[in-house]
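# Architecture and fold: a report
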Amino acid sequence: MHTLKKILLFCFVIISISCEKEFNMKLKETSNIIAVEGKIENDFPPYILLTNSFSIYKDFNINSLTNLFIQGANISIFHNNDTIHLKEYNSTNIHEMPDSFQVELAERLGFDIAQFGGSFPPFVSIYTIDFSKMPLFVGELGQTYGLEIKVQDKILTASTSIPNRTVHFDSLWLETHPNPAKFPDYYQLTGILSDNGSTTDYYRYATKVDEEPWLVSNSSVFDDVFFNGKKFKIFIPKGNRFGDTPDPLDETVGYWNNQDSVLTFKLSLIDRPHYDFWRTLESNRSSQGSPFGSFVVVKSNIQGGGVGIWGGYASYTHHFYRF
Amino acid sequence: MYIFTTLMKANNLLFFFFLIICFSSFAQENYTLSGFVKDAKNGEVIIGANIYLSSDASEGTVSNIYGFYSISVPAGQQKIVVSYIGYQPQEIELDIKSNLKHNFDLKEENNILEEVVITSERKDENVKNTKLGTIELSSDRIKSIPAFMGEVDIIKALQLMPGVQAAGEGNSGIYVRGGGPDQNLVLLDDAIVYNPGHLFGFFSVFNNDAVKNVTLVKGAMPANYGGRLSSVIDVQMKEGNNKKFQMEGGLGLISSRLTLQAPIQKNKSSFLISGRRTYAFDIAQPALKKTDFAGTNYFFYDINLKANYIISDKSRLYISGYFGRDVFVYNSKENQTNVKIPWGNITSTIRYNHIISPKLFMNVSFIFNDYKFSFTGKQTDFSFKANSGVRDYNVKIDFDYYLSNKHLLKFGYDYTHHRMTPTLASATSDTTEFKTDKISKKYSHEMAWYVQHEWEISKKVKLDMGFRLSFFQHIGPYKEINGMDTIQYKRGKAIQPYVGYEPRLAMRYAINESSSIKTGLSLNYQYIHLVSNSNSTLPTDVWVQSTARVKPQQALQFNLGYFKNFKENMYEMSVEFYYKQLWNQIEYTESYVSELDVDPELSYVFGKGKAYGAEFFIRKNKGKLNGWIGYTISRSDRKFSNLNNGNVFPTKYDRPHDLSVNLAYNLNNEWQFGTTFVYASGNTMTPVIGAFVTEGALGFIYGKRNSYRIPAYHRMDLSLTYTPIPKRKPNRRWQSSYNFSIYNVYSRKNVYFIYNKIKGSIASGDIRVQPIQVSLFPIIPSFTWNFKF
């Protein structure tokens, strides 16, 4: 992909003695849309972030962050005949959450809890299970989960499923960067994956280094139409910090380096609507800077006027210890 | 069975139509004078020359695209006049006692300054014929238009005409009267050119040195053309000088070109070979070595070939071909990476002309054309290949039947076998092989019968009646996948047929000698489509055919025009109105993202549209200062139940105002100045109106489709051509000229596209999204040295 991007960029740069300048785009104010980021994974409690959409051409500052997260929502998850009411956590009651879960959740949300004095940032509101009620409600393989969110006089609903199995790599090893002379400190994490030929599978992956937050790639999902039922070698690119956009010409992007001790890699199976969300979202993001791009409307499984995703994951986490 | 019955009915209809035409003509005791009109200097046939009786200019005809004419002449001594702009009129006296053959060799005008040609048409042809929305340009006139980067381009010349819009800054793609880029039938010697652009459309594939003339039909399309909704761009290649060896070429900043033409057997056969190649990036290689672009290169080239042989007085054979490629390469030993991306067209045409009788001319064409895009990439032990394209085998037979000077009947048959290759990919990783197997090539038959009758009812009224019966059939082999079910169709098995009844009508009413009103109506079917969801037309866009799911596009166009010439045809003026209704228009769904191994037609949505406008045109045809001004006011919109919440939206090429000015000033025989000014409303785009956050990054929320219009586009170009005439030997064969052009003289920063630049991050609480406008070409001077021998 690096090469393709390089060629397209080369073409564009060379043929165009182009110049850029800021453009004043006057648009009408738009109404708020509620964005849902909800995840449920096998053996892990569900959690949901609710945020407001915002006008992008206005400066976004720390005050905006305070208004970003939506508080006071009434959220329920439906599983078989059970209804699970989620509890809202923020900096005032985060201590009611087990410490280990706080750390894990912070890593999954892309930040290091130590940076915020061992707690969550003050502006964050997160909805998850009430840890005082036992047994703890966690995702299970092969199950379907409904979601209902009552907020701001709206009712948003969604449904997702966790596939009935996990997949894991047969083996993992390191290979050198394709240009080892120039990048002797960088490696490719490589593995052998066996795909199930009897089903159409949709994959999402995330990576992690040591005890740092999880990293995601800009192309984090793929399906198996091209390799259905095959056993093959695949490179596992290192992801980026949440919100980071890597330089397409940076040849170290996606490669692990000498300072990474424990390389963690999570491979998840997801359902088709969930896959469609990430696929369209990633294309929506990447189209923003290209004359050859097109506009892609993000395909959401949220009904009732919201955007975002309520997504189930059947995950298996691999660790590769370099030392 | 239904199709068969329908075709039989349609054939009966055609036959009935034919009979009416035959009975409506009336036989006279005249004889027929027929032959060819040619350029005396090089033997090239002249298209559109006027042949008429000196005693009655209304008794005349026009030479066809092979230079053939046929005129009914009363017995006895008759003076016949042949004229064509830029050539000395010729008058001969013939004693007509029987049918007679006579070829005319016309000599070029000597006084260039007084008769500078800017159109290949007869002086008053625009008023007298029934053609609506038809533009003809000679390659010589195109040379005087300021050229972008020194590259003379016929398509960019057409963009300066009303109703024709450039696809973008510096782009040779065109949108005609509110239609999409796939709705233009681009022909090179009868062969369809599926991708007429190099380098994402910045240059057209037509090498002007090899081109004789180009005709654009944007209005009522005659029945001999079909298969597209919006326009025909019919490019004819030169035949090759059959009198003497000729060489011409040019050295430019980004490319060079060379054309050779010569007789194989004098006055009997000749050939032309023309080549062009870019080298700008080859030259830049040393500079790229220490940059991130090391190992990367891009070039394109074209080769045009043509040969013709006059078998006898009655028969002639033409063989012509085009081969062009764009090539991207990236090779890096250090990164163990090799990538090659070639794409381009091949066309080849064999045409056989035969004069069956002095009144009946026949042409048979066998055509092959192929457009292919491929990608091969390899890095360490991973390799990837992908290819797509379209390949046609086409046979056409056309007849021109000169019933009398008042009746010309054209009829014919056209058959094409299409093979559409979707993006088929394969890869290897180590020892494992992968390939797409859920999508497959598609095959089809496309055929048409047509009849066109040009009937001069009176001196005031002329009528063109035409009918085209088109038939399309998706055929096997084909694998249809419906969920878990697969239906396998065998080779040649009929899968989905379509029939199109396409009436064509044009009428002229002459108000007086210098003005006329014309009207026209045409219904067109289009069976193959190019659906793109990107902002630019890309070589990766794949042509697709009609299937059970993808129905043929249709368009009904109504035209009305007023044409007026002034000052003995020195000035011509026209106003044309058009209204076009379109059905079965195709777009991708709003959430479309391409997927390997998924047929893209599953992501199509279908809707209807309309386009309407008025075109104003004034042209000064001769004199030291000549040129034209064209202005178009128009709208183009679409309505899809699955797009934009079912509401009407403007197309991305909806351009309410479009103005073009092109002027040439010939100071003397050595110095010529040219200028072009264009102004157009900005393109539409779908704006981002908001954002939401997921995993710490933004997702973008779009507003109404194409609801934002970028600022207007305008630009001025200048050119200066110096053709030194040696004082000692002014008529020597070796001629040089130097062209200096300036593109975008006042360096207007026209918006090419707008993107959103994201600064900061959500996590840090200081994210800012800034729209950035990208402008492609500032002022660009260029220099080209042209030579001719």
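On a predicted model such as this, the values are computed, not experimentally measured, just so you know. (Residues numbered from 1 in each chain as written. Chains lettered and ligands numbered in written order. Predicted model: local features only at pLDDT ≥ 70, side-chain atom pairs only at ≥ 80, totals over all residues.)

A few words on the overall build of chain A. Along chain A, the regular secondary structure elements total four helices and 17 strands. Its C-alpha radius of gyration of 21 Å places chain A within 12% of the 20 Å reference for a compact globule of 323 residues. Evaluated residue by residue, chain A yields a buried proportion of 37% over its 323 residues. A sequence separation of at least 24 residues applies to 68% of the contacts in chain A between residues at least 6 apart. (Helix = DSSP H or I, 4+ residues; strand = E, 2+ residues; numbered from the N terminus. Rg over C-alpha atoms; globule rule 2.2 N^0.38 Å. Buried ≥ 20, exposed ≤ 12 C-beta atoms within 10 Å, placed from the backbone. Contact = placed C-beta atoms within 7 Å.)

Further remarks concern the overall build of chain B. Across its full length, chain B carries six helices and 51 strands. In terms of C-alpha radius of gyration, chain B reaches 27 Å, essentially the compact-globule figure of 28 Å for 789 residues. Seen through its C-alpha atoms, chain B measures out along the principal axes to roughly 95 × 75 × 50 Å. Looking at chain B as a whole, 49% of its 789 residues qualify as buried. Of the contacts made within chain B by residues no fewer than 6 positions apart, 64% connect residues no fewer than 24 positions apart.

This part takes up the pairing of strand β29 (residues 461-475) of chain B. Residue and element names in this part refer to chain B. With eleven of 15 residues buried, β29 is to be regarded as a mostly interior element. In this structure, strand β28 (residues 442-456) lies alongside β29, joined through 14 bridges in antiparallel fashion. Note that in β29 the partner of Met-447 across the bridge is Phe-471. Remark: four residues form the turn of the hairpin made by β28 and β29, two consecutive strands paired antiparallel. (Pairing = 2+ DSSP bridges.)

Right, let's get into unusual backbone geometry. Omega for the peptide link from Met-134 of chain A to Pro-135 of chain A comes to -5°, which places this bond in the cis form. Within the secondary structure, Pro-135 of chain A is located in the loop between β7 (126-128) and β8 (144-151). The omega angle of the peptide bond from Gly-476 of chain B to Pro-477 of chain B is 5°, so this bond is cis rather than trans. Within the secondary structure layout, Pro-477 of chain B lies in the loop between β29 and β30 (478-482). Even without being glycine, Arg-177 of chain B reaches a positive phi, approximately 45°. By the element assignment, Arg-177 of chain B lies in the loop between β11 (174-176) and β12 (184-188). Arg-177 of chain B gets classed as buried once you count the C-beta atoms within 10 Å, which come to 29. Positive phi outside glycine occurs at Thr-380 of chain B, with the angle close to 45°. Mapped onto the elements, Thr-380 of chain B comes out in the loop between β24 (360-379) and β25 (382-404).

This brings us to helix α4 (residues 272-286) of chain A. All names here are of chain A. With 15 residues, α4 should reach 21 Å at 1.5 Å per residue; the first-to-last C-alpha distance of 21 Å fits that figure. Of all 15 residues making up α4, twelve are buried, and the element is well covered by its neighbours. Residues of α4 that are buried include every one of His-274, Tyr-275, Asp-276, Phe-277, Trp-278, Arg-279, Thr-280, Leu-281, Glu-282, Ser-283, Asn-284 and Arg-285, and no others. (Expected span 1.5 Å × (residues − 1).)

With 70 residues of chain A at the contact, the number on the chain B side is 76 residues. Of all the secondary structure elements, the ones that give two or more residues to the side of chain A that touches chain B are α1 (2-15), β1 (19-22), β2 (34-41), α2 (62-68), β14 (231-236), α4 and β17 (307-321) of chain A. The element contributing the most residues to the side of chain A that touches chain B is α1 of chain A, with seven residues. With four bridges connecting them, β1 of chain A and strand β50 (residues 768-775) of chain B associate as antiparallel partners. When the bridges of β50 of chain B are listed, Glu-22 of chain A appears paired with Ile-772 of chain B.

A word on the sheet that holds β1 of chain A. One open sheet accounts for three strands, arranged β1(A)-β50(B)-β49(B); its pairing is antiparallel. The open sheet terminates on both sides in strands that have one partner only, identified here as β1 of chain A together with β49 (753-759) of chain B. Going across the sheet, the axis of each strand differs from the next one's by a mean of 35°, ignoring polarity. (Axes fitted to C-alpha atoms, helices over the stretch in contact; angles between N-to-C directions.)

Let us now look at the domain arrangement of chain A. Residue and element names in this part refer to chain A. When the domains of chain A are assigned, the result is domain 1 (34-161) and domain 2 (165-321). A straight line from the C-alpha centre of domain 1 to that of domain 2 covers 23 Å. Between domain 1 and domain 2, the contact holds 25 residues from the first and 23 residues from the second. Secondary-structure elements contributing two or more residues to the side of domain 1 that touches domain 2 are β2, α3 (99-108), β8 and β9 (154-161). Sort the elements by how many residues they give to the side of domain 1 that touches domain 2 and β2 lands first, with eight residues. Each residue belonging to the side of domain 1 that touches domain 2 can be placed in one class, and the counts come to eleven nonpolar, seven polar and seven charged. (Domains from an automatic or database assignment. Nonpolar A, V, L, I, M, F, W, Y, C, P; charged D, E, K, R; others polar.)

Attention shifts here to the sheet that holds strand β3 (residues 56-62) of chain B. Residues and elements named next belong to chain B. Spatially, the four strands line up as an open sheet ordered β3-β2-β5-β6, and their pairing is antiparallel. Looking along the sheet, the strands with just one partner apiece sit at the ends: β3 and β6 (90-96). When the angles between neighbouring strand axes are averaged without regard to direction, this sheet yields 30°. For strand β5 (residues 76-83) and β6, the ladder comprises seven bridges, and the chain directions are antiparallel. Paired with Gln-78 across the bridge in β6 is Leu-94.

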